[in-house]
Amino acid sequence: QVQLVESGGGLVQAGGSLRLSCAASGRRFSSAAMGWFRQAPGKEREFVAASSWSGGPTDYADSVKGRFTFSRDNAKNTVYLQMNSLKPEDTAVYYCAAGQGSESVKRSVYHYWGQGTQVTVSS
């Protein structure tokens, strides 16, 4: 069973930065689809950033393009989400996910999820 352990969430002021980390156990990390999703109170879970395989293209939600950067470190079996210029609208629980498939923006390709980490951006 794949386990995902997230860290890096916290409370920051608007305009600040955070880096989320997701350490994955198991095998085939390089070929796995890895993604970040978030869910704010009263809203549905939404796509943030993802890639279908290591070295493949990365997709971003329009709301975070230019501010968030997704990266993978195969040696550490870890993915990161660097979040800059944070806005109050970014406040949510952020989830790391792992799966298989070429359409990494779709929730249906993900079968493993982390516990979630809270990101709160104050105005």
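Residues numbered from 1 in each chain as written. Predicted model: local features only at pLDDT ≥ 70, side-chain atom pairs only at ≥ 80, totals over all residues. Heavy atoms only, no water.

Trainee: How would you sum up the pattern of salt bridges? Please name residues and give values.
Mentor: Summed over the entire model, instances satisfying the criterion amount to 5 salt bridges. For Asp-62, the salt bridge is made with Lys-65, and the minimal N-O distance between the two is 3.3 Å. Among the residues examined, Asp-62 registers a relative accessible area of 64% and is labelled exposed. Taken together, the shared-partner salt bridges connect Arg-38, Glu-46, Arg-67 and Asp-90 into one network. (Salt bridge = Lys/Arg side-chain N within 4 Å of Asp/Glu carboxyl O. Buried < 20%, exposed > 50% of the residue type's maximum accessible area, 1.4 Å probe, protein only.)

Trainee: Explain the state of the cysteines residue by residue, including any values.
Mentor: Enumeration over the complete set of coordinates arrives at 1 disulfide. What pairs with Cys-22 in a disulfide is Cys-96, and their sulfur atoms sit 2.1 Å apart. The sign of the -80° torsion about the S-S bond sets the Cys-22-Cys-96 disulfide as left-handed. With Cys-22 in strand β3 (residues 18-24) and Cys-96 in strand β9 (residues 92-99), this pair connects stretches of sequence that are 74 residues apart. By the burial criterion, Cys-22 is buried, and Cys-96 matches it. (Disulfide = S-S within 2.5 Å. Helix = DSSP H or I, 4+ residues; strand = E, 2+ residues; numbered from the N terminus.)

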